[in-house]
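Coordinates in review
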Amino acid sequence: MSAHFIERPRYTCSLGGATFAVNALPGGIPILHAPAGCAGSFAWAQNGGSALQVGGNCGSLSIPSSNLQENEVVFGGDARLRQQVKNTLDVVDGGLYVVLTSCVTEIVGDDILSVVKDFRAEGASIIGAKTGGFKGNAYHGYDILLQALFKDFIEARKPKRRGSVNVWGIAPYLDPFWRGNLLGVRRLLQSLGLQVNSFFAGEDSLEAIRASAEAELNIVVSDVYGIDAAVAFEERHGTPFLATSLPIGPSASSAFLTAVAERLGTAETVLDAALHEGNRTYYKTLEALTDCYQDMDLQRYAVVVGDANYAVALTRFLAEDLGWLPELTVCTDQLDGEEQARLTARLDQVKNVAANLVFETDGSEVIGHLNRRWPRSQGQRYYNAFSPAFVLGSSFERELAQAIGAPHLSISFPVANRAILNRGYTGFGNGLTLVEDLLSAIVNGR
Amino acid sequence: MSSYDQKVAPKREERLKTCIAHSGGVCGMGRKAKACMIDDGERGFTQGSICLLLVALAILNAMPETVVLIHGAVGCGSCAHSQNANTRSGGAARTGQVKDAIWLSTALNEVDVISGAEGKLGQAIREADQRYRPKTIAVVSGCVPGLIGDDIDSVIAELQPSVSARLVPVHCEGFKTRIWATAYDAVYHGIGRNLLTPRIPEAKRASLSREGEQAALLEQEKLKRTVNLMNVSSMGRVDELELERLLQGLGLEANIFPVFTHPDTFHKATRAALSVSTCPTHDDYFLRQLQEQFGVPFLIKRMPIGIRNTSLWLKDIAGHFGLGATADRIIEAEEREARAALEQFRPLFEGRKVFLSAGEFRALVTAQLLEELGFEVSGIRMFHHDAFADDEYDKLAATAKTDYSINVANVQPFEEANLLNRVKPDLFLGHVNGNSTAAKLGIPTHTIYNTGLAYIGYRGAFEVARRLHRTLKNPAFNRNLSVWADLPYSRKWYEADPFSHLHSRGDAL
């Protein structure tokens, strides 16, 4: 890992992450207070990384943007922003307008929040967030956007409503499977009889988001993404939160439901029924694979390369559900010490295989980590090779897969070589989808 | 003093008086065009677009054995995720090998913004040089270094003696120019100042043997027939092959420059007999340098899209070499065969209205191609306007059935939605990320640019026709989409004058 650069960053900046999230909000219209190129950069990042999904209803090059030039850098951009917001309200129909700042406006020091406040005073549905690109990566921008929603859009609600929960932790477009994964998590929670608001799923609405402070629990299906927002929510609205890993497959989904039920005091019979139904359906379906899985010897060693969510969740699925051997897990996010400790603790709990977690932003270094973990052949006659193997990662890991002669599946951003719209891996049934995708990559030459 | 003596290439709004905000009819454009080339004040409502950094990275990421080091916040350069697909497929088409581009970001953070990041950049260059051992490192600066005052040229000058890669600064501070075509000048500026001399100075090479002398003589002969064929990534390999084929018909050899060409061979461009642009929007800055510094003459009048324009392009080159008669024979045969092949598609195309949007030159010549195929042009939007395409307006005006709309805009799909809603064309051709507006309105669309597809030359004309025939045969995707997917614009906007936000920037609220 270099201390001075990031190789092919697997995310964009905080402005980008916030823009992606507003694109995914029902009725969300981003207004970028930024130079012209930021919107295009995000559209092209989605084009290359989000498995062929670009934009949303007002995404890509349709995003309203003040397109700052030298003049605004010298004299300030407040007046230009005011004009842009006024015209946006005229030209573009939306449910919630979100002004987002860029590097340029943060450095110049434009006071966007007072501009936003003035429009809100006139009755516009508008909030703002300070997302200057140098403040962090896109996952951080996702968190900042949530914080802005919690602060300025959702209404204070007391008392809390029993059985009502909010869930987040899956960043739209940065997780190319965001729609399917949100839906998978919703289905899990609904199996406990809960009413779920998840902000960015097709079933969500601005009305439900506005009322989301009535939830009795916030569930963050990530150890990193949206944690700061959960803390801010609790401070402002008094709703506590539960952070879990992304529940992929039957083991993680069972643990997820058990943890949620415990926090909410859900009746044991309800939990047991949900666990039974989820596991039974998964294994009744998997049953059909039994012959081929054995006869074709489909167990694999694996390298998992992914963001903070996928690195942990995929490793656990392979080790606990599929019975594979994930010998090396690489998390490609830039994380602070505390975040790294959280992920390490999670992986330490994974059963069946002693996981080996490395934090490395640069994809080309992964093979070095693998060689240190699993020494290469010295030319000995009997060499216990890292084979047969499989590489789960982003599309950059094709090079690694080729180098070690293994099949490969792109799951974590960037996913350039798959088309994803509705697919998700979270929950019980979606675990089967992951099994299908992994094994299909092995047998596609058959 | 040449602008190449400066650290930064001039911006096009100053150098060429390029504008991005204008509306008019096609018939007046040829005469009036120059009137728009003033400080055009811009729109009071704008949508995000691209900046020169994206375009520059598209070129640099397609240079072999080159590491692109972006000095900026971590989001500048995320466009490369999309460009990497071109690097992979373009590399495969030319070398048979699939390789990812290597781009790095200094990912400037709050501390860097406050204390400056020249030190970080220097260390990043050193580390990139050691880790990847590239032949070239392009150091591309985004907005932030421009704002905090990092001097990338000084960092590079200081480091160059101690690293093995050749370092090329490319200035892409997005807020400094609203004409993203400045990117071509920015990249050529970096190449022109740093990569046109051989890596190993020729004087130091061992003296030639007898065979070597003969080879050198043959090389000299070859150079007299070598043409620099400029491609800053607007053509895929399939299009290059078509132009190489046509040049070979004249006995000429193409030296393709600069994409997918090894930077260590860039100096060859300085020895060619002629440089030929394939898109006049791209190359004038560099072609002038090649002429002034190295005496290589150039042609920059045509883009070889469409039958007639391909023939004119070829004729100009042949004329330069005194090969007019050969060219006439080639053109006669090529045109006859192509026109005959196109007849089969004509019944589906005849009289259908088409609307186009792209870079100025590409849009105007593709419009002429579509007229050749039997379509009627009903509107053209272009990303900017400058003086290079004046002749093309005259050609279009001569054949126009109506005085259709010409709209200069750096994309701005809100104007397009309003216009398309009025014009209701039967077909739309738009650039990258520029087809979704028409698609959601239910109009059959086809991409006007994609480096995997053929557009150029006689072959390109036929392939475009073939694809449009396919598009029009079953336009159900867009038609179905339009029933359920809305554009984000208000009803009030569709009723307003499509150009009511032109020239309103800075107006009092």
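Residues numbered from 1 in each chain as written. Chains lettered and ligands numbered in written order. Predicted model: local features only at pLDDT ≥ 70, side-chain atom pairs only at ≥ 80, totals over all residues.

A few words on the domain arrangement of chain B. Taken domain by domain, chain B consists of domain 1 (50–179), domain 2 (214–335) and domain 3 (344–495). Taking only C-alpha atoms, the centre of domain 1 of chain B and the centre of domain 3 of chain B are 34 Å apart. (Domains from an automatic or database assignment.)

Assignment of secondary structure puts Ala128 of chain B in helix H6 (residues 118–132). Owing to 24 C-beta atoms within 10 Å, Ala128 of chain B belongs among the buried residues under this scheme. As for Ala128 of chain B and Trp103 of chain B, which are separated by 25 residues in sequence, their C-alpha atoms are 10.0 Å apart. Apart from the residues within four sequence positions on either side, Ala128 of chain B is in contact with Phe5 of chain A together with Val67, Leu69, Leu104 and Ile137 of chain B. (Helix = DSSP H or I, 4+ residues; strand = E, 2+ residues; numbered from the N terminus. Buried ≥ 20, exposed ≤ 12 C-beta atoms within 10 Å, placed from the backbone. Contact = placed C-beta atoms within 7 Å.)

Attention now goes to the interface of chain B and chain A. Interface extent is often summarised as the accessible area lost during association of the parts. Of the residues lining the interface, 58 residues belong to chain B; the matching set on chain A comes to 63 residues. Breaking the side of chain B that touches chain A down by element, the ones donating at least two residues are helix H3 (52–60), helix H4 (80–95), strand E3 (102–105), helix H5 (110–115), H6, helix H7 (143–148), helix H18 (413–423) and helix H22 (491–495) of chain B. No other element matches H6 of chain B, which puts five residues into the side of chain B that touches chain A. Residues of the side of chain B that touches chain A, tallied by class, amount to 29 nonpolar, 21 polar and eight charged. As paired elements, strand E1 (residues 6–7) of chain A and E3 of chain B share two bridges and run antiparallel to each other. Bridge assignment links Glu7 of chain A to a residue of E3 of chain B, and that residue is Leu104 of chain B. (Nonpolar A, V, L, I, M, F, W, Y, C, P; charged D, E, K, R; others polar. Pairing = 2+ DSSP bridges.)

Before going further, it helps to examine the pairing of E3 of chain B. Residue and element names in this part refer to chain B. The side-chain alternation of E3 yields two buried faces, one formed by Ile102 and Leu104 and the other by Trp103 and Ser105. As defined by bridge partners, strand E2 (residues 66–71) adjoins E3 across four bridges and the pair is classed as parallel. Pairing of Val67 across the sheet is with Ile102, part of E3. Following the backbone out of E2, through H4 and into the adjacent parallel E3, one traces a crossover that is right-handed. (Right-handed = clockwise from strand over helix to strand, strands pointing away.)

Quick look at helix H6 (residues 112–121) of chain A now. Residue and element names in this part refer to chain A. Ile112, Val115, Val116 and Phe119 are the residues of H6 that are buried. For H6, the buried positions fall inside an angular range of 95° around the axis, keeping them on one side. The exposed residues of H6 that point more than 90 degrees off its buried face are Ser114 and Ala121. Turning to H6, the residues buried within the fold contact strand E2 (28–33), helix H4 (78–91), strand E3 (96–101), helix H5 (103–108) and strand E4 (126–129). At the exit of H6 stands Gly123, carrying a positive phi of roughly 105°. (Arc of directions from axis to C-beta.)

What follows deals with the domain arrangement of chain A. Residues and elements named next belong to chain A. With domains assigned, chain A is organised as domain 1 (14–152), domain 2 (161–283) and domain 3 (298–415). Relative to domain 3, the C-alpha centre of domain 2 lies at a distance of 27 Å. Taken together, the contacts link 14 residues of domain 2 with 17 residues of domain 3. Residues belonging to the side of domain 2 that touches domain 3 are distributed by class as follows: eight nonpolar, four polar and two charged.

In this section: helix H11 (residues 237–249) of chain B. Residues and elements named next belong to chain B. Taking 1.5 Å as the rise per residue, H11 with 13 residues should run 18 Å; its terminal C-alpha atoms sit 18 Å apart, in good agreement. Within H11, burial applies to Arg237, Asp239, Glu240, Glu242, Leu243, Leu246 and Leu247. For H11, the secondary structure elements touched by its buried residues are H4, strand E6 (226–231), strand E7 (253–258), helix H13 (307–320) and helix H20 (457–473). (Expected span 1.5 Å × (residues − 1).)

Before going further, it helps to spend a moment on the packing of H3 of chain B against helix H9 (residues 182–194) of chain B. All names here are of chain B. In the contact formed by H3 and H9, the axes pass within 8 Å of each other and the chain directions differ by 50°. Overall, the two elements H3 and H9 adopt an arrangement that is oblique. The crossing of H3 and H9 is right-handed. Contact with H3, carried on its side by Leu52, Val55, Ala56, Ile59 and Leu60, involves Thr182, Ala183, Ala186 and Val187 of H9 and no other residues of that element. (Axes fitted to C-alpha atoms, helices over the stretch in contact; angles between N-to-C directions. Parallel < 35°, antiparallel > 145°, perpendicular 65-115°, else oblique. Left-handed = near helix turned anticlockwise from the far one by under 90°.)

So, about unusual backbone geometry. Of note, the amide linkage connecting Ser387 of chain A to Pro388 of chain A takes the cis form, showing an omega dihedral of 0°. One can find Pro388 of chain A in the loop between helix H16 (366–373) and strand E12 (389–393). Across the junction of Phe257 of chain B and Pro258 of chain B, the peptide omega takes the value 0°, indicating a cis bond. Residue position: Pro258 of chain B is located in strand E7. Of note in this structure, Phe199 of chain A is not a glycine but carries a positive phi near 65°. For Ala107 of chain B, which is not glycine, the phi torsion reads 45° and is therefore positive. As for its placement among the helices and strands, Ala107 of chain B is situated in the loop between E3 and H5.

Our focus in this paragraph is the sheet that holds strand E9 (residues 298–299) of chain B. Residue and element names in this part refer to chain B. Reading across from one edge, E7-E6-E8-E9 is the order of the four strands in this open sheet, with parallel pairing throughout. Edge strands, defined here as strands with exactly one partner in the open sheet, are E7 and E9. Pairing analysis gives six bridges linking E6 to E7, with the strands arranged parallel. By the bridge assignment, Asn228 is partnered in E7 with Asn255.

Residue and element names in this part refer to chain A. Structurally, the position occupied by Asp175 is in the loop between strand E5 (161–168) and helix H8 (178–190). Take Asp175: there are 31 C-beta atoms within 10 Å of it, and that puts it in the buried class. Each C-alpha atom, one on Asp175 and one on Ser412, is 6.6 Å from the other, the two residues being 237 residues apart in sequence. What Asp175 contacts, discounting residues up to four positions off in sequence, is Ile170, Asn181 and Asn309.

All names here are of chain A. Strands sit in the order E2-E3-E4 across an open sheet of three strands; the sheet is parallel. Each of the sheet's edge strands pairs with one partner strand only, and the pair in question is E2 and E4. Adjacent strand axes in the sheet meet at a mean angle of 25° when their direction is disregarded. Summarising the sheet, E2 and E3 pair through six bridges and their orientation is parallel. Within E3, the residue paired with Leu32 across the bridge is Leu100. Contacting E2 and E3, H4 crosses the sheet at an angle of about 160° to E2. Sheet strands in contact with H6 are E2, E3 and E4, and its direction is about 170° off that of E4.

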